[in-house]
Amino acid sequence: MTPQLRIAPSILSADFAALAAAIDLVAPETDLLHVDVMDGHFVPNLTIGPPVVAAINRHTELTLDCHLMMTNPGEFLEAFRRAGADWISVHVEVGGTAELIDEMRKLGVNPGLAINPETPFDAVAPWLGRVDHVLVMTVHPGFGGQHFMVEVLPKLRQVAEAVAAGGHRTIVEVDGGIDPDTIGLAAEAGATCFVAGSAVFGARDPAAAVRRLRERAGAPEEAR
Ligand code: DX5
Ligand code: ZN
């Protein structure tokens, strides 16, 4: 069975003063919207918090995929849930993973675990069957528009193979530097869900950019 391919546009590269218009452009092409939350500690940048997520949630039916690049995500899970987060990813590097997953389940969000480029596969291996998605970073988190790190591909493949071998339904999501040239590499390594910021919102026609990414993800042979 061919797995469903999802494209999650990341609003990090959208015009924050015109978020609603940006979301409306991609909504016909996808069902998932990636929201990057940065705390100025875990990553050297600050972005948005629960009030903005709530405003987005009032505006759109899209599933909100909130990526918490935070040192203390546990203190904010409930606030993000109340704001309308549907999926939440916390980073494995911050620790307390068992409690964070339990708390996300209790709150009724789809729990996810994110892993930085330099963090080894072993860090996420024990949790693959307990989360709904694994978010494999292919850039150092903190900023949009960086280059895809090909050196992460072996780990991405390891994650995808371990998910399959374990019979898990965990979604393998990839984040960072995804564009029409790199998406095929990530798909071939086993990712089925692709976050894309600058490749979507930096394009003249964001909807066409999502369609193009979806085509290229489904045709990795041609993408080479
Ligand atoms: C980076 C964020 C990404 C970012 C991706 O810290 O987690 O989600 O928006 O942006 P691009 O697709 O431009 O690399
Ligand atoms: Zn992200």
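Anything mentioned here points back to the structure above.
Each value, and the rule that gives it
- Here the residue numbering is sequential within each chain, running from 1 through the sequence in written order.
- The naming scheme follows written order: chains are lettered A onward, ligands numbered 1 onward.
- Whole-chain, interface and lining totals are the exception, using all residues; otherwise, since this is a predicted model, local features are given only for residues with pLDDT of at least 70 and side-chain atom pairs are given and counted only at 80 or more.
- Based on all heavy atoms of the structure, the side-chain values leave hydrogens and waters out of the count.
- Counted as donors are N, O and S atoms no farther than 2.8 Å from the metal, or 3.2 Å for Na, K and Ca; water is not among the atoms, and sites may therefore look incomplete.
- Here the metal geometry follows the donor angles, with tetrahedral for four donors whose angles all fall between 85 and 135 degrees, square planar for four and octahedral for six when opposite donors are more than 155 degrees apart and every other angle is between 65 and 115, and irregular for all the rest.
- A run of H or I in DSSP becomes a helix once it reaches four residues, and a run of E becomes a strand once it reaches two; helices and strands are each numbered from the N terminus.
- Each residue is placed in one exposure class: buried if its accessible area under a 1.4 Å probe, protein chains only, is under 20% of its type's maximum, exposed if it is over 50%, and partly exposed if it falls in between.
- It suffices for a single heavy atom of a residue to lie within 4 Å of a molecule or strand for the residue to be listed as near it.
- Any N or O atom pair separated by 3.5 Å or less is treated as a polar contact, with the protein-specific requirement of one donor-capable and one acceptor-capable atom, and with residues adjacent in sequence counted only for side-chain atom pairs.
- Computed with the Shrake-Rupley method and a 1.4 Å probe, the accessible areas treat only the protein chains shown as cover for residues.
- A pocket, in this scheme, is an open set of points on a 1 Å grid over the protein atoms alone with protein on both sides within 12 Å along at least 5 of 7 lines, while a cavity is a set where a 1.4 Å probe fits but cannot get out; residues line either one if an atom lies within 4 Å of a point.
- Grid points define the cavity or pocket, and a molecule sits in it when more than half of its atoms lie within 2 Å of them.
- Gly is put with the polar residues, along with every residue not named as nonpolar or charged; the nonpolar set is Ala, Val, Leu, Ile, Met, Phe, Trp, Tyr, Cys and Pro, and the charged set is Asp, Glu, Lys and Arg.
- Cysteine sulfur atoms are paired as a disulfide whenever they come within 2.5 Å of each other.

Notes on the coordination of the zinc ion (ligand 2)
- In this structure, His-34 (NE2), Asp-36 (OD), His-67 (ND1) and Asp-175 (OD) serve as the protein donors to the zinc ion (ligand 2), at separations of 2.1 to 2.3 Å.
- Coordination at the zinc ion (ligand 2) is octahedral: its 6 donor atoms span angles of 71 to 169° at the metal.
- Sequence spacing among the residues donating to the zinc ion (ligand 2) works out to H-x1-D-x30-H-x107-D. One end of the pair, His-67, is in strand E3 (residues 63-69); the other, Asp-175, is in strand E7 (residues 171-175), with 108 residues separating them in the sequence. You'll find His-67 and Asp-175 in the same group, each marked buried.

Describing the site of ligand 1
- In the vicinity of ligand 1 lie 20 residues, with Ser-10, Gly-142, Asp-175, Gly-197 and Ser-198 positioned nearest.
- Measuring from an oxygen atom of ligand 1, one finds a side-chain N or O atom of His-34 at 3.3 Å.
- Contact distances for ligand 1 include 2.8 Å between an oxygen atom and a backbone N or O atom of Gly-145.
- Contact with the protein chains covers 100% of the free accessible surface of ligand 1, which is 380 Å².
- A majority-of-atoms criterion places ligand 1 in the second largest pocket.
- Elements represented by at least two residues in the shell around ligand 1 include exactly strand E2 (32-38), E3 and strand E8 (193-196).
- Counting residues per element, the shell around ligand 1 draws most heavily on E2, at 3 residues.
- Broken down by class, the residue content of the shell around ligand 1 amounts to 8 nonpolar, 10 polar and 2 charged.

As for the state of the cysteines
- This model, assessed by the stated rule, comprises 0 disulfides.
- In this structure Cys-66 is a free cysteine whose sulfur lies 13 Å from that of Cys-193, the closest cysteine sulfur available.
- A relative accessible area of 0% means that Cys-66 is categorised as buried.
- The buried category is assigned to Cys-193, whose relative accessible area is 0%.

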